[in-house]
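Close look at the chain arrangement
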Amino acid sequence: MIKDNEIVDRLQGVLDNVDERRPSDIIGDIVDLARDVDDSHARALFEGHPVLTSYRPILTDLYRKYILSVEEAELARLVSRPTAGDQLFGEMAGEAALMAYNRVSDMFQHVDFLPSHRFVMVGCGQMPVTALHVNDRTQVGEIICLDVSDKAVAAVEALGATLNTHRLQAFRFDGQKYDYCSANVIYIANMVSPKISVVSRVLDTADRSAAIIIREPYSFGRLWAECAEDFLDSRLVVKARGCGSRYLSRDVYFQRR
Ligand SMILES: C[S@@+](CC[C@H](N)C(=O)[O-])C[C@H]1O[C@@H](n2cnc3c(N)ncnc32)[C@H](O)[C@@H]1O
């Protein structure tokens, strides 16, 4: 078990060279270092060494660049293929997309997805693997993908055509402004910002029966994504937490007080 000072020194070592290295290598080093650091341990390290959290803006930007580059590469590969007919996304996804796709598998144990339902994902990105997993595995009637990025909206439309599905719809929308009144299941992606404002908007407009899932960072994942649980809206309580993942995020299932 490596000592705290050594963890901090190593993390500092990685952070000192952020300008010279590829985002994937930096994020990879931090993820490897987090192997021995659970969430409460990481929070204690951040409290004891505030310099670490001063890197949040840089790491948030690096992580966003890394994830977007992975998503763009997979999108280019998929839409260059002939239309897939009835093939499932899970059968045609590349390694990185499949890893991201599988990391939300426990969602189907925690949430009921009925054909009459409307699933709304905030922060779908250019490779909306969460929405695509719902498309593959459920008969949910409407899968609404929201993103502030035009590129993400265009990507979802292209993927819908490649997958020959009409259930996927994409809209350029800030999650802070959308009206969730007809949503039955609401999923907020890890990189969504400002996350607590989006959660507040969901609680202000969604029906009390709507299932709310937020992808949350843990351990050093807190260095590149916001954690709504840290400022949890008093109208919510945590019902369950899903499995962890390579990039230190997990699904958290909430219920209304
Ligand atoms: C890169 S994706 C990652 C999600 C991943 N594709 C998935 O399926 O789980 C995160 C996206 O969230 C979007 N985003 C960030 N803040 C947002 C907000 N307030 N409203 C809507 N989209 C947002 C970003 O533009 C980015 O495309």
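Our subject in this report is the structure included herewith. Within each chain, residues carry numbers counting from 1 in the order of the written sequence. For this predicted model, a pLDDT threshold of at least 70 governs which residues receive local features, and a threshold of 80 or more governs which side-chain atom pairs are given and counted, while totals over whole chains, interfaces and linings are taken from all residues. Side-chain measures here rest on the full set of heavy atoms in the structure, leaving out hydrogens and waters.

Here the focus is the overall build of the protein chain. Helix and strand counts for the protein chain come out as 10 helices and 7 strands. For a compact globule the rule gives 2.2 Å times the number of residues to the power 0.38, and the radius of gyration it is set against comes from C-alpha atoms. Its C-alpha atoms give the protein chain a radius of gyration of 18 Å, near enough to 18 Å, the size a compact globule of 257 residues would have. Once the C-alpha set of the protein chain is aligned to its principal axes, its extents read approximately 55 × 45 × 30 Å. Throughout, a residue-residue contact means that at least one pair of heavy atoms, one from each residue, lies within 4.5 Å. A separation threshold of at least 6 residues defines the contact pool for the protein chain, and within that pool the share at least 24 residues apart is 71%. If you sum the accessible surface of the protein chain, you get close to 11,800 Å²; carbon and sulfur atoms cover 50% of it. Here the protein chain carries 30 positive and 37 negative side-chain charges, and the mean point of each set is 3 Å from the other. Each helix is a run of DSSP H or I of at least 4 residues and each strand a run of E of at least 2, with the numbering of both proceeding from the N terminus. Method for areas: the Shrake-Rupley scheme with a 1.4 Å probe, in which residue coverage is limited to the protein chains shown. Positive charges are assigned to Lys and Arg, negative charges to Asp and Glu, while His and the chain termini are left out of the count. Charge coordinates come from a single atom per side chain, which is NZ of Lys, CZ of Arg, CG of Asp or CD of Glu.

If you check the shell around the ligand, you find 23 residues, and the closest are Glu71, Cys124, Met127, Asp147 and Gly175. By the criterion applied in these results, polar contacts are pairs of N or O atoms within 3.5 Å in which, for protein atoms, one can donate a hydrogen and the other can accept it, and in which residues neighboring in sequence qualify only through two side-chain atoms. Between a nitrogen atom of the ligand and a main-chain N or O atom of Gly175, the distance comes to 2.9 Å. Residue Ser193 places a main-chain N or O atom 2.9 Å away from a nitrogen atom belonging to the ligand. If you list the elements that add at least two residues to the shell around the ligand, you get helix H4 (56–79), strand E1 (118–122) and helix H8 (129–137). Per-element tally for the shell around the ligand: the top contributor is H4, with 3 residues. Classification convention: Asp, Glu, Lys, Arg as charged; Ala, Val, Leu, Ile, Met, Phe, Trp, Tyr, Cys, Pro as nonpolar; all other residues, Gly among them, as polar. Looking at the shell around the ligand, its residues break down into 14 nonpolar, 5 polar and 4 charged. For each residue, the test is whether any non-hydrogen atom lies within 4 Å of the molecule or strand; if one does, the residue is near.

Between the first and last C-alpha of helix H1 (residues 4–16) there are 18 Å, a value that for 13 residues agrees with the 18 Å anticipated at 1.5 Å per step. Classification of residues uses two cut-offs on accessible area relative to the type maximum, computed with a 1.4 Å probe and protein chains only: under 20% is buried, over 50% is exposed, and between them is partly exposed. Listing the buried residues of H1 in full gives Ile7, Val8, Leu11, Gln12, Val14 and Leu15. All buried residues of H1 lie within an arc of 160 degrees about the axis, which places them on one face of the element. Structural note: H1 exposes Asn5 and Asp9 on the side pointing more than 90 degrees away from its buried face. Its buried side turned inward, H1 meets helix H2 (23–33), helix H3 (39–48) and H4. By this rule, a helix spans an expected 1.5 Å times one less than how many residues it contains. Arc definition: directions from the helix axis to the C-beta atoms.

This part takes up the environment of Val104. Secondary-structure assignment places Val104 in the loop between helix H6 (95–102) and helix H7 (107–110). Classification of Val104 by relative accessible area gives buried; the value is 0%. In this structure the C-alpha to C-alpha distance between Val104 and Arg43, which are 61 residues apart in sequence, comes to 24 Å.

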